[in-house]
Amino acid sequence: QAALEAIRIVEREGHEKMKLARDVRAVCDFLDERNIPRAILTRNSKESLDYFHDRLPAIPKFHPAVSRDCGFLPKPHPDALEHISTQVWGFSTNEVLMVGDSAKDDVRAGRRAGAITVLLGGEAERKDLPDEEHEPHFRIKDLTEFRNLLEENFELLADEGEAVEVGQEK
């Protein structure tokens, strides 16, 4: 109990330092305009996730938004990602992109689930990832590159009002 409270304190302190990634709104708009579903899967608390959503003015919330309080094993375990993909969205996990800034947690969870993985940020520049389970399918330095990655590497097809299949590589 004491350890969880210590983690909550650190997370609350982090709220004040939180900065949204550049172009997060543009990426969300791009996905939403094409009816491509988007979710958040975090090891943070629901409180931190709610704080994040409150900082996204004029952007619809991610759905689902899965925190450590949801009862799933934490990343890199694939259960939460598999649940989002198959149970919530109705997609096979190999049709889903797992985008994250951690090879250790995000890429491994995506790979274990059979998803296509995208590593972004400073860690995407690493050349010394320990093994194939940590190696992403794609690397981008920031969300500015995400739209181009989608348009150049995937067929984004959908009828109006229907979800888009994004997992089929060109």
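From a predicted model like this one, the values you see are computed outputs, not experimental measurements.

**A word on the confidence of the model for the protein chain**
At step 1: Per-chain confidence: the protein chain averages 87 in pLDDT, with 92% of residues scoring 70 or above.
At step 2: Across residues 163–170 the pLDDT falls below 50, and counting only partners more than four positions away or on other chains, this stretch makes 39 contacts in the model.

**Details of the pattern of salt bridges**
At step 1: Applying the stated criterion to the full structure yields 18 salt bridges.
At step 2: For the salt bridge of R22 with D142, the shortest nitrogen-to-oxygen distance reads 3.5 Å. Linking R22 in the loop between α1 (2–17) and α2 (24–33) with D142 in the loop between β5 (138–140) and α6 (146–153), this pair joins segments that are 120 residues apart in sequence.
At step 3: With relative accessibility at 56%, the residue R22 sits in the exposed group.
At step 4: Judged by relative accessible area, which is 17%, D142 ranks as buried.

**What to know about the side chain of E11**
At step 1: Residue placement: E11 occurs in helix α1.
At step 2: What makes E11 buried here is its relative accessible area of 11%.
At step 3: A polar atom in the side chain of E11 sits 3.1 Å from the side chain of S48.
At step 4: The residues touching E11, leaving out its near neighbours within four places in the chain, are R43, N44, S45, S48 and R68.

**What about the packing of aromatic side chains?**
At step 1: Applying the stated rule across the entire model yields three aromatic pairs.
At step 2: Geometry around F62 places R38 over its ring, the cationic atom sitting 4.4 Å from the centre.

**Some words on the nonpolar core**
At step 1: Ranked by size, the top nonpolar core spans 23 residues in total, and within it L31, L97, F146, L149, L150 and F154 carry the most contacts.
At step 2: For this core, the elements supplying multiple residues, two or more each, are α2, α3 (46–54), β4 (116–120), β5 and α6.
At step 3: Ranked by the residues each element gives to this core, the list is headed by α2, at five residues.
At step 4: Ignoring any residue separated from it by four or fewer positions in sequence, one finds F146 in contact with V27, L31, L97, V99 and I140.
At step 5: In this structure, V66, I84, A113 and A115 belong to the second largest nonpolar core, which totals 11 residues.

Rules and cut-offs
- Residues numbered from 1 in each chain as written.
- Predicted model: local features only at pLDDT ≥ 70, side-chain atom pairs only at ≥ 80, totals over all residues.
- Heavy atoms only, no water.
- pLDDT = per-residue confidence, 0-100.
- Contact = heavy atoms within 4.5 Å.
- Salt bridge = Lys/Arg side-chain N within 4 Å of Asp/Glu carboxyl O.
- Helix = DSSP H or I, 4+ residues; strand = E, 2+ residues; numbered from the N terminus.
- Buried < 20%, exposed > 50% of the residue type's maximum accessible area, 1.4 Å probe, protein only.
- Polar contact = N/O pair within 3.5 Å; in protein donor to acceptor, adjacent residues only side chain to side chain.
- Phe/Tyr/Trp six-rings, centres within 6.5 Å; stacked < 30°, edge-to-face > 60°.
- Lys NZ or Arg CZ within 6 Å of the ring centre and 35° of its normal.
- Core = buried A, V, L, I, M, F, W, Y, C linked by side-chain atoms within 4.5 Å.

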